[in-house]
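# Topology and contacts: notes
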Amino acid sequence: MIVHDKNLLDNLALVEEADTLKSGGFISKEQRDLIKKELPVFRSQSNILVRLGFFLLGSFLYSSMCGTISLFALSGLEFFFHIGFYVFAAVGFFGAELLANRQYHGHGLDDAFILGGISNLGVAIAMTTEGYELVIAFFVAIASFIMYRRFLHLLSLLVFCIAATAILFYGLFEFGAIGKTILPFAAMLFAAVFYFFTKKGIDNLTQVYYYKGLLLPNSFCLVLFYLSCNYLVVRELSAVLLGNEVLAGKDIPFAVFFYAFTFVVPVLYLVQALRTKDRIMLWISFLAIGFSIFTIRFYYSVLPIEIALTLGGLVLFAIAYFSIKKLKEAETGLTFKPDRIKNSDAFLNAEALIVASAFGMKPEVKPANSPMDFGGGGFSGGGSEGSF
Amino acid sequence: MNKFDDQAAKSLLDKNLITENQYQEIAAYRNLNIFSLNAELKLFLYLSVLLFTSGIGILIYKNIDSIGHIAILSILFIIICVCFYYCFKNSKGFQKTETTFENPVLEYLVLAANILTCIFIGYLQFQYEAFGTHYGLATLIPTIVSFSCAYYFDNKSVLTIAITGLAAYVGLSVTPQDLLNNNNFYSEQGLSYSAIMLGVFLILWTIYSSRINLKTHFSIIYLTFALHLISIAAISNLINDYIIWLAFAVVLAGSSYYFYNISHKLKAISLYVFMIIYAYIGFNILLFRVFANIDFSDIWMLFVLLLPAYFVGSIVLFIKLIKNFNKEIAE
């Protein structure tokens, strides 16, 4: 099923390993270059900026091709209007095949054609079925899964995960009110089953190039599991889907369960992540904790925002400070020392950018316009920007 | 722990690409089973600074009339003093090269102290008009404080605040979100000139500091600001109706040429990619302006047909450019 050469896929893992070993200081730069020369790999872009640039260019190319086709077809054929998007999708898949044969993988250009093909297919089905969501999700899921199996394209696997969840949702909607009521529990069960299913898949895996393809749905299930029974999500969705407006003094059914779920699951993730040394789960747990806090603040304003921010900052500082103090000298296991092999410090480079966005100074407003305006509204941080 | 990592090292050994010794060393290190929370905890520190200073900022803004001014000022002043005291106590003093604190917490303390100082000065000006009606001073002084902090403690985040302050003094807003919305260049032509001047000044400063070896690792930040300032100012003036747009085309060409060279020298792919993007946008606007004078009513079909070919040509060109860059920085 895979269009790519299996040797190249194996080499991909080896070259990645060589890169990490080089940055860890285990092998020299010359040795790394030698390894790269010895092992042929795909035409790919590891830099995200460059890949994004090629994705944009690829999309331009793809849409201009579609434009040319429709220009010809519309002038001659009346029924082209009905099949146009199928043709566009075919162009996308054909382009993806062509690029894959020329050994493009993770380059940006191939992303444009694969994702473009999938989304055009979705639009085509939508037009044929007049927007029947279940059928659209079904066909998009099939197409994206085939794309993944053929090109090992991770982004289409993500599309597949979302489409599969959409099938579950719209499928339950078919059952009317009962389906909508059991939706959170069904989604939770679905996520749990597939989490353990993919986990088992990873444990039994022998080919390295399928590893990321199992890791992604695995992490997706974690996120879905948390969101499925999060109090905010459940309450808002039930308001939208069932029209259940929550009256004052009342709460949604099983509210206690959902509250407990909202708080227990992130903590569970955190503990489990630290126990099994699972970095992805750790990050998901951070995000989940953040979202749980947001959930509470969404319904109950426990503290005024400025006090909450200040106190939150202090608490977070204390947590970080004491953890650093405790972990500073550890040589094995959990530690504060940077890992020589795997370091996730990409965000540290973005720090300066975030500071500039949040606290950058703005030019002053001329006092003549309004005596209340004064310079540097940005001083006071995100919340009050521009309001001075 | 991922079982495939070890497998990959093993097959590198089998292919004779790494030596037995190296493999042993790698395996021994992996057996330590290290799980580093370095980046995560630093992120926490960073977030805590952002949350705390935002909180303080809003607190002061909301209670500007209720709590006593002296109380606010003195509390702020005390916090700032405590922060700076720890930073000075533990710093190695000013150094011309890159330095780091032994304790990473201090790096974030510097940031907090600096932001709080800016709030402090802003508050002073707002409440007491400490700088009279010289409103420029209220921006300039935090800028100077930030620059000194950035250079003394070697802090990149503070440096970006300082640069935005400098731009604000000139009359520009160069926070990333404003640069993306870039509406300040449309409204006033004069601002474009100041933006370009500021960009050129930043470039000159990097040249000067590399000559005297002063914090050369700051260059990339200055150059990033300069690139975006000059390019966005030039591009937004390319659609000007007056003949002046030709001058801006020349500016854009010149800056692209400069950044082409400097990105190779610094091995900075982010500069390189953005330079290409801006140059490409500029080139397309130029093409459009030229074509706008030709009557296309008869051959517009041909134009649409040529479009895919044009994009294929651009893609080939870009692939070449990126390949060249990667080859040259590898040497």
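On a predicted model such as this, the values are computed, not experimentally measured, just so you know. (Residues numbered from 1 in each chain as written. Chains lettered and ligands numbered in written order. Predicted model: local features only at pLDDT ≥ 70, side-chain atom pairs only at ≥ 80, totals over all residues.)

A tally of helices and strands in chain B yields 14 helices and one strand. Computed over its C-alpha atoms, the radius of gyration of chain B comes to 26 Å, more than 25% above the 20 Å expected for a compact globule of 331 residues. Reported as C-alpha extents along the three principal axes, the dimensions of chain B are approximately 75 × 70 × 40 Å. Looking at chain B residue by residue over its 331 residues, the buried ones come to 38%. Considering only contacts in chain B between residues 6 or more positions apart, those separated by 24 or more positions represent 59%. (Helix = DSSP H or I, 4+ residues; strand = E, 2+ residues; numbered from the N terminus. Rg over C-alpha atoms; globule rule 2.2 N^0.38 Å. Buried ≥ 20, exposed ≤ 12 C-beta atoms within 10 Å, placed from the backbone. Contact = placed C-beta atoms within 7 Å.)

Below, the discussion takes up the overall build of chain A. Along the backbone of chain A there are 14 helices and one strand. When the 388 residues of chain A are sorted by exposure, 34% land in the buried category.

Many descriptions give the size of an interface as the accessible area lost when the pieces come together. In terms of domain boundaries, chain A breaks down into domain 1 (42-174), domain 2 (307-344) and domain 3 (349-388). Measuring from the centre of the C-alpha atoms in domain 1 of chain A to the corresponding centre in domain 2 of chain A gives 43 Å. (Domains from an automatic or database assignment.)

What follows is about unusual backbone geometry. All names here are of chain A. Its identity as a non-glycine residue notwithstanding, Leu152 has a phi of 50 degrees, on the positive side. For Leu152, the position within the fold is in the loop between α6 (133-151) and α7 (154-173). We classify Leu152 as buried; it has 22 C-beta atoms within 10 Å. Here Lys277, not a glycine, exhibits a phi torsion of approximately 55 degrees, which is positive. Secondary-structure assignment places Lys277 in the loop between α11 (255-276) and α12 (279-299). Take Lys277: there are 15 C-beta atoms within 10 Å of it, and that puts it in the partly exposed class.

Nonpolar side chains in soluble globular proteins tend to end up buried together. Formed by 159 residues in total, the largest nonpolar core has its most connected members in A:Val140, B:Val110, B:Ala112 and B:Leu271. Sort the elements by how many residues they give to this core and helix α5 (residues 104-128) of chain B lands first, with 15 residues. Residues in contact with B:Leu271, not counting those within four places in the same chain, are B:Leu223, B:Thr224, B:Leu227, B:Phe259, B:Ile262, B:Ser263 and B:Leu266. (Core = buried A, V, L, I, M, F, W, Y, C linked by C-beta atoms within 7 Å.)

Below, the discussion takes up the domain arrangement of chain B. We note that the domain assignment places domain 1 (1-35) and domain 2 (39-170) within chain B. Relative to domain 2 of chain B, the C-alpha centre of domain 1 of chain B lies at a distance of 46 Å.

What follows is about the environment of B:Ala150. Residues and elements named next belong to chain B. Residue position: Ala150 is located in helix α6 (residues 135-153). Between the alpha carbons of Ala150 and Glu98 there is a distance of 11 Å; along the sequence they are 52 residues apart. If sequence neighbours within four positions are ignored, Ala150 has contacts with Asn155, Val158, Leu159 and Ala162.

Axis angle and axis distance: for two packed helices, these are the angle between their axes and the distance between the axes, and together they describe the pair. Residues and elements named next belong to chain A. Here α7 crosses helix α9 (residues 211-228) at 35 degrees, and the two axes come no closer than 10 Å. Considering the relative orientation of α7 and α9, their crossing is right-handed. On α9, the residues that touch Leu154, Leu157, Leu158, Cys161 and Thr165 of α7 are Lys212, Gly213, Leu216, Pro217, Phe220 and Leu224. Residue composition of the contact of α7 with α9, grouped by class: eight nonpolar, two polar and one charged. (Axes fitted to C-alpha atoms, helices over the stretch in contact; angles between N-to-C directions. Left-handed = near helix turned anticlockwise from the far one by under 90°. Nonpolar A, V, L, I, M, F, W, Y, C, P; charged D, E, K, R; others polar.)

Bringing the environment of A:Phe336 into the picture now. Among the structural elements, A:Phe336 can be located in the loop between β1 (334-335) and α14 (346-359). According to the C-beta neighbour criterion, A:Phe336 is partly exposed, with 19 such atoms within 10 Å. Considering only alpha carbons, one finds A:Phe336 and A:Lys325, eleven residues apart in sequence, at a separation of 8.7 Å. Setting aside chain neighbours within four positions, we find A:Phe336 in contact with A:Ile324, A:Leu327, A:Lys328, B:Leu37, B:Asn38 and B:Leu41.

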